[in-house]
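The residues making up each chain are set out below.
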Amino acid sequence: MAECFTRGWADSAQAAPVRSGAAYAAERRALLSARFPGERIVVPAGGLKVRSNDFDYAFRPHSAFLHLTAEEGGGAAPDSVLVLEPTGTGHEATVFTRPRSPRDGGPNGTEFYRDRRYGEFWVGRRRTLAETSDALGVTVLPRDDLARALASPVPTRVVRGQDPVVDAAVPPAAEQESELLVFLSESRLVKDEWEVEQMRAAVDHTVAAFHDVAGELPTAARLARGERWIEGTFNRRARLEGYGLGFETIAAAGAHACVLHWMRNDGPVRDGELLLLDAGVETDTCYTGDVTRTLPVGGRFTDAQRQVYDLVHAAQSAGIAALRPGARFGDFHDAATRVIAEGLDAWGLRPGGTGPHDPSLYGRYTLCGTGHMLGLDCHDCAGARSSAYLDGVLEPGHVLTVEPGLYFQPDDLTIPAFLRGIGVRIEDDFLITADGAVCLSSALPRAADDVEAWVTAAR
């Protein structure tokens, strides 16, 4: 049988245009090289993960690998590894990856038609090594050469836990590896010009998907599991415009909106109730948007729903007003929660405590913070030091969310019955500029009247 597969194939080499962000990735590698002179740096893309039996989850490369190569999700080969080898003047970058499945009957010559996990006839074509080199602008060598490349006695820092060959070849060094992870995370805090373009595209696609959902509310309301219809509507746009989802879509109707990360999405979407949709499209380059809107399914808020919505909207507006370069990262959170606290106090809903910053005054109904950095990860730069992120100051090039919310659990006896089961969150994405902040998601309505008009017009 093998012999019949070794002949009769046309030359199918393809051009591989350089990735649009390759020059920016080279600059990022240069910063990494300067930070760790004389040391080998190893950043794996990660490998396939089993979903069930012989089926894998869709592959998505590690964010640090993406950042340092400008690879695209759909073009990346599982098990690729970026190695920065020290030289006398810096580092030489090499990507070790699987070459295209050979068809000449030699070593691995049956992979292309027999290997269900990596074979071209099973999962699609990989690039040749030369094509990958052209696309990324770096030297590219076969994955089989990786262990030998890591064997020479050079001080080495790795992103551990992503590749078994890397983990086995390099002895653990917790402190050094932690320093590497911190640097890789903090280097993503300020987005460069190319990254800002990716973020704008991600948010634009996300906004388009929200408009899709608004038009599908009547259909969702007729279905027993309307949340799944909403989820599918958003996800279709994500796959059409980008690589997929930046995170699992939260389509939370009714009391499900009181669950911060409701992802079962198996409930009904009823007229008269609210739908909280928190979702983001991930671009082909794996940058993601993250937007939330809380929509009245039937087109109109009830009095109680509007009361909650208006308070969250006022809190978000206060948070947005606090965004500016030089402001503390926490300033927008403090501004938003102050409005929430004052509003809850006016409603008589501040159980315990006396000061405006005492979490017991509002934590029962708000549960979490008011925003986060955004980029290759939805919760981007999570490994950064507090001094550079949570306790740091905003800088031009930061991209972040502002997303206050109120969540009144359906079984909470500390609140009036008419508020129970109402959950509202409003989230937008912002780019910090030299003189303020730009709302990347401004094409979506925020105020209650505008949201009602939007939903009604889309029906």
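All values derive from a computational prediction rather than experimental measurement. Here the residue numbers are simple positions, counted from 1 along each chain's written sequence. Whole-chain, interface and lining totals are the exception, using all residues; otherwise, since this is a predicted model, local features are given only for residues with pLDDT of at least 70 and side-chain atom pairs are given and counted only at 80 or more. Think of the side-chain values as coming from all heavy atoms in the structure, minus any hydrogens and water.

## Some points on the overall build of the protein
For helices the rule is a DSSP run of H or I covering at least 4 residues; for strands it is a run of E covering at least 2, with both sets numbered from the N terminus onward. If you tally the helices and strands in the protein, you get 14 helices and 17 strands. Taken over the C-alpha trace, the protein has a radius of gyration of 25 Å; the compact-globule value for 459 residues is 23 Å, and the two agree within 12%. Dimensions of the protein, computed from C-alpha atoms along their principal axes, come out at roughly 75 × 50 × 35 Å. A total of 459 residues make up the protein; the buried ones form 51% of that total. Taking the contacts inside the protein whose residues are at least 6 apart along the sequence as the reference set, 70% of them involve residues at least 24 apart. Here the protein carries 46 positive and 64 negative side-chain charges, and the mean point of each set is 4 Å from the other. Radius of gyration means the value over C-alpha atoms here, while the globule rule gives 2.2 Å times the residue count to the 0.38 power. Here the term buried applies to any residue with accessible area under 20% of the maximum for its type, exposed to any over 50%, and partly exposed to those in between, with areas from a 1.4 Å probe on protein chains only. In this analysis, two residues are considered to be in contact whenever any of their non-hydrogen atoms come within 4.5 Å of each other. Within this scheme the basic residues Lys and Arg register as positive and the acidic residues Asp and Glu register as negative, but His and the chain ends are omitted. Taken as the charge location is NZ of Lys, CZ of Arg, CG of Asp or CD of Glu.

## Overview of the sheet that holds strand β5 (residues 91-97)
Whether parallel or antiparallel, the strands of a sheet pair through hydrogen bonds between backbone atoms. Here, strands pair whenever DSSP counts at least two bridges between them. Spatially, five strands are ordered β6-β5-β4-β1-β7 in an open sheet, and the strand pairing comes out mixed. The open sheet terminates on both sides in strands that have one partner only, identified here as β6 (139-142) and β7 (156-158). Across the sheet, the mean angle from the axis of one strand to that of its neighbour is 25°, orientation sign disregarded. Running at roughly 150° to β6, helix α5 (residues 129-136) makes contact with β5 and β6 of the sheet. Across the face of the sheet, helix α8 (residues 174-186) comes into contact with β1 (40-44) and β7 while running at roughly 60° to β7. Interaxial angle, 0 to 180 degrees, is taken between N-to-C directions of lines fitted to C-alpha atoms, where a helix line uses only the stretch in contact.

## Details of the pattern of salt bridges
Salt bridges, as used here, are contacts in which a Lys or Arg side-chain nitrogen is within 4 Å of a carboxyl oxygen on Asp or Glu. Per the stated rule, a full pass over the model turns up 33 salt bridges. A salt bridge links R425 to D278; its shortest N-O distance comes to 3.0 Å. Linking R425 in strand β15 (residues 423-425) with D278 in strand β10 (residues 274-279), this pair joins segments that are 147 residues apart in sequence. Considered together, R425 and D278 belong to a single accessibility category, that of buried residues.

## Section: the environment of D79
By the secondary structure assignment, D79 is in the loop between α2 (63-69) and β4 (81-86). With 69 residues separating them along the chain, D79 and A10 place their C-alpha atoms 28 Å apart. With residues near it in sequence (within four places) discarded, D79 still touches G46, G47, F96, R98, Y118, R143 and D163. Between N or O atoms, a polar contact is any pair within 3.5 Å; within protein, one atom must be a potential hydrogen donor and the other a potential acceptor, and residues adjacent in sequence are included only when both atoms are from side chains. Engagement of the side chain of D79 in a polar contact is seen with the side chain of Y118, the distance being 2.9 Å.

## Examining the UniProt feature "domain: Aminopeptidase P N-terminal" (unreviewed entry) in the protein
UniProt positions are given in the numbering used here, feature names are shortened, and annotations may be inferred rather than shown by experiment. Per the UniProt record, the feature "domain: Aminopeptidase P N-terminal" (unreviewed entry) sits at residues 19-167. End C-alpha atoms of residues 19-167 are separated by 29 Å, and the span's content is 30% helix alongside 20% strand.

## Observations concerning the domain arrangement of the protein
Each domain of the protein was delimited in the assignment, giving domain 1 (3-187) and domain 2 (193-458). The domain limits used here are those given by an automatic or database domain assignment. Placing the centre of domain 1 and that of domain 2 at their C-alpha centroids yields a distance of 36 Å. On the side of domain 2, 17 residues touch domain 1, which itself brings 17 residues to the contact. When two parts are put together, the accessible area they lose, computed with a 1.4 Å probe and summed over both, is reported as buried area. With both chains or domains summed, domain 1 and domain 2 bury close to 1400 Å², and 51% of this area falls on carbon and sulfur atoms. Broken down residue by residue, the surface that domain 1 buries against domain 2 is led by R60, S185 and E186, which jointly contribute 34%. In this structure, R60 engages E282 in a salt bridge whose closest nitrogen and oxygen atoms are separated by 3.2 Å. Along the contact surface separating domain 1 from domain 2 lie 14 residue pairs in polar contact (both at pLDDT 80 or more). Residue type decides the class: Asp, Glu, Lys and Arg count as charged, Ala, Val, Leu, Ile, Met, Phe, Trp, Tyr, Cys and Pro as nonpolar, and the leftover types, Gly among them, as polar. Across the side of domain 1 that touches domain 2, the residue classes tally to five nonpolar, seven polar and five charged.

## What about the environment of L223?
Along the chain, L223 falls in the loop between α9 (193-221) and α10 (226-241). Owing to a relative accessible area of 35%, L223 belongs among the partly exposed residues under this scheme. For the pair L223 and R270, spaced 47 residues apart in sequence, the C-alpha to C-alpha distance is 9.1 Å. Beyond its immediate stretch of four places on either side in the chain, L223 contacts W229 and P268.

## With respect to the nonpolar core
Membership of the largest hydrophobic core comes to 62 residues, with the highest contact counts inside it found for I230, F234, L277, L344, L406, F408 and V424. Residue assignment for this core shows that the elements contributing at least two residues are α9, α10, β9 (250-253), β10, β12 (291-296), α11 (303-321), α12 (331-346) and α14 (448-458). Among the elements that make up this core, the one with the highest residue count is α9 (11 residues). No fewer than three residues from each of domain 1 (3-187) and domain 2 (193-458) sit in this core. Leave out the neighbours within four places in its chain, and L406 touches V308, L311, V312, I340, L344, Y365, T366, I422, G423 and V424. One finds A45, F65, L68 and V140 within the second-largest nonpolar core, a separate group that totals 24 residues. Side-chain atoms within 4.5 Å are what join buried Ala, Val, Leu, Ile, Met, Phe, Trp, Tyr and Cys residues into a set we call a nonpolar core.

## Focus: the packing of α9 against α10
Closest axis-to-axis distance for the α9/α10 pair is 9 Å, and the angle between their directions is 150°. Compared by their axis directions, α9 and α10 come out roughly antiparallel. Handedness of the α9/α10 crossing: right-handed. The segment α9 lies against α10, with H205, T206, A208, A209, F210, D212, V213, E216, L217, T219 and A220 engaging G226, W229, I230, T233, F234, R237 and E241. Here the residues of the contact of α9 with α10 are counted per class, giving nine nonpolar, five polar and four charged. Here roughly perpendicular refers to angles of 65 to 115 degrees, roughly parallel to angles under 35, roughly antiparallel to angles over 145, and oblique to all remaining angles. A crossing counts as left-handed when the near helix is turned anticlockwise from the far one by less than a right angle, and as right-handed when that turn is clockwise.

## A word on the sheet that holds strand β17 (residues 436-439)
Spatially, β13-β16-β17 is the arrangement adopted by the three strands of the open sheet, whose pairing is antiparallel. The sheet is open, and its two edges are formed by β13 (399-402) and β17, each paired on a single side. The sheet shows a mean angle of 40° between the axes of neighbouring strands, taken without regard to direction. As paired strands, β13 and strand β16 (residues 428-433) are joined by four bridges and run antiparallel to one another. The residue bridging L400 from the neighbouring strand is F430, located in β16.

## Considerations on a nonpolar patch on the surface
Residues qualify for a patch when their relative accessible area is over 30% and they have no salt bridge, like charges being joined within 9 Å and the nonpolar side chains of Val, Leu, Ile, Met, Phe, Trp and Tyr within 5 Å. All accessible areas in this document rest on Shrake-Rupley with a 1.4 Å probe, and a residue is counted as covered only by the protein chains that are shown. Taken together, the side chains of W9, F121, W122 and V123 define a hydrophobic patch exposed on the protein surface, amounting to about 410 Å² of accessible area. With respect to the secondary-structure elements, W9 resides in the segment before α1 (22-35).

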